[in-house]
Structures are given as structure tokens and as C-alpha cells.
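Results of the structural survey
One-letter residues, chain by chain:
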Amino acid sequence: MNFIYVTIRGITELTGIAAPTLRYYEKEGLLPHVKRNENGKRLYDEDDLSWIHFVTALRATGMPIAQIQKYVYLRKKNNIMQCQILSKDILL
């Protein structure tokens, strides 16, 4: 499979999210699969973009980072049912 990798500058242009915010999300474990080139620069692919959309959608609800970390953990484990249960608990 051929993936197109985009630098942090490209991702900020695509998403409108500031580079420091992306770095923070990565540091907090919210973007778990960001790759780096041989010089240590971040390289994002389609999967990373999907994670960014997932995290920003949750942030748009006002959800705190600690709660988003739980969703990220469950999504990494492909535990969709638990995510749905967690969502219902938040809405109640």
C-alpha cells in the first residue's frame, strides 16, 4: 500500500488545527500512530487524519482530554460497544 505522508504544516492547512495543538494531542496520547522521518519530523497519513477528526469531534462537545483518552484507548482496541456505552453514560 502506498500512503501519502503530510508534514505538520500540511495537516494544519488541511484541518485548521494549530501545530502546537497537534503536538499536545500527540503528547497526551490522542494521536497514537504519528510517524516520524529520519530527522524526527512528524509525518501524518490518512489514518492520522481520521484520528484528528475523531479527537476534534469529541473536543467540539466540550469533552475533557481525560475522557477523550478513554475513547482513544477503546477505539485503539476496536471496542465500539464500550464506546457506545460510555457515550450513553455521558449523555445521561
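Everything quoted here is computed from the prediction, not taken from an experiment.

1. So, the overall build of the protein chain
Across its full length, the protein chain carries five helices and two strands. Taking the contacts inside the protein chain whose residues are at least 6 apart along the sequence as the reference set, 44% of them involve residues at least 24 apart. About 6300 Å² of surface is accessible on the protein chain, with carbon and sulfur atoms providing 54% of the total.

2. Notes on the environment of Ile 52
Examined against the element boundaries, Ile 52 turns out to sit in helix α3 (residues 46-60). Sequence-wise, Ile 52 and Leu 31 are 21 residues apart; in three dimensions their C-alpha atoms are separated by 6.9 Å. Those residues in contact with Ile 52 that sit more than four places away from it in its chain are Ile 11, Thr 15, Ile 17, Leu 22, Leu 31 and Tyr 44.

3. Topic: the environment of Tyr 25
Here Tyr 25 lies in helix α2 (residues 19-27). Those residues in contact with Tyr 25 that sit more than four places away from it in its chain are Leu 30, Leu 31, Val 55, Thr 56, Arg 59 and Ile 65.

4. Here we look at the packing of helix α1 (residues 8-15) against α2
Remark: α1 packs on α2, axes separated minimally by 9 Å, with the N-to-C direction vectors making an angle of 105°. In terms of orientation, α1 and α2 fall into the roughly perpendicular class. Note on element contacts: α2 touches α1 through Ala 19, Leu 22 and Arg 23, opposite Ile 8, Ile 11 and Thr 12.

5. Concerning the pattern of salt bridges
Per the stated rule, a full pass over the model turns up five salt bridges. Between Glu 26 and Arg 42 there is a salt bridge whose closest N-O contact spans 2.4 Å. One end of the pair, Glu 26, is in helix α2; the other, Arg 42, is in strand β2 (residues 42-43), with 16 residues separating them in the sequence. What makes Glu 26 buried here is its relative accessible area of 18%. By relative accessible area, which is 18% here, Arg 42 ends up buried.

6. Some points on the packing of aromatic side chains
The full count for this structure, using the stated rule, is two aromatic pairs. Considering the side-chain rings of Tyr 24 and Tyr 25, the 6.3 Å spacing of their centres and the 50° angle between planes classify their relative orientation as tilted. On the basis of an interplanar angle of 90° and a centroid distance of 5.9 Å, the ring pair of Trp 51 and Phe 54 is categorised as edge-to-face. Of this pair, Trp 51 and Phe 54 both sit in helix α3, three residues apart, roughly one helical turn. By relative accessible area, which is 22% here, Phe 54 ends up partly exposed. When the ring centre of Trp 51 is taken as origin, the NZ or CZ atom of Arg 75, which lies over that ring, is 4.3 Å away.

About the thresholds
Residues numbered from 1 in each chain as written. Predicted model: local features only at pLDDT ≥ 70, side-chain atom pairs only at ≥ 80, totals over all residues. Heavy atoms only, no water. Helix = DSSP H or I, 4+ residues; strand = E, 2+ residues; numbered from the N terminus. Contact = heavy atoms within 4.5 Å. Areas by Shrake-Rupley, 256 points an atom, 1.4 Å probe, with all protein chains shown as cover. Axes fitted to C-alpha atoms, helices over the stretch in contact; angles between N-to-C directions. Parallel < 35°, antiparallel > 145°, perpendicular 65-115°, else oblique. Salt bridge = Lys/Arg side-chain N within 4 Å of Asp/Glu carboxyl O. Buried < 20%, exposed > 50% of the residue type's maximum accessible area, 1.4 Å probe, protein only. Phe/Tyr/Trp six-rings, centres within 6.5 Å; stacked < 30°, edge-to-face > 60°. Lys NZ or Arg CZ within 6 Å of the ring centre and 35° of its normal.

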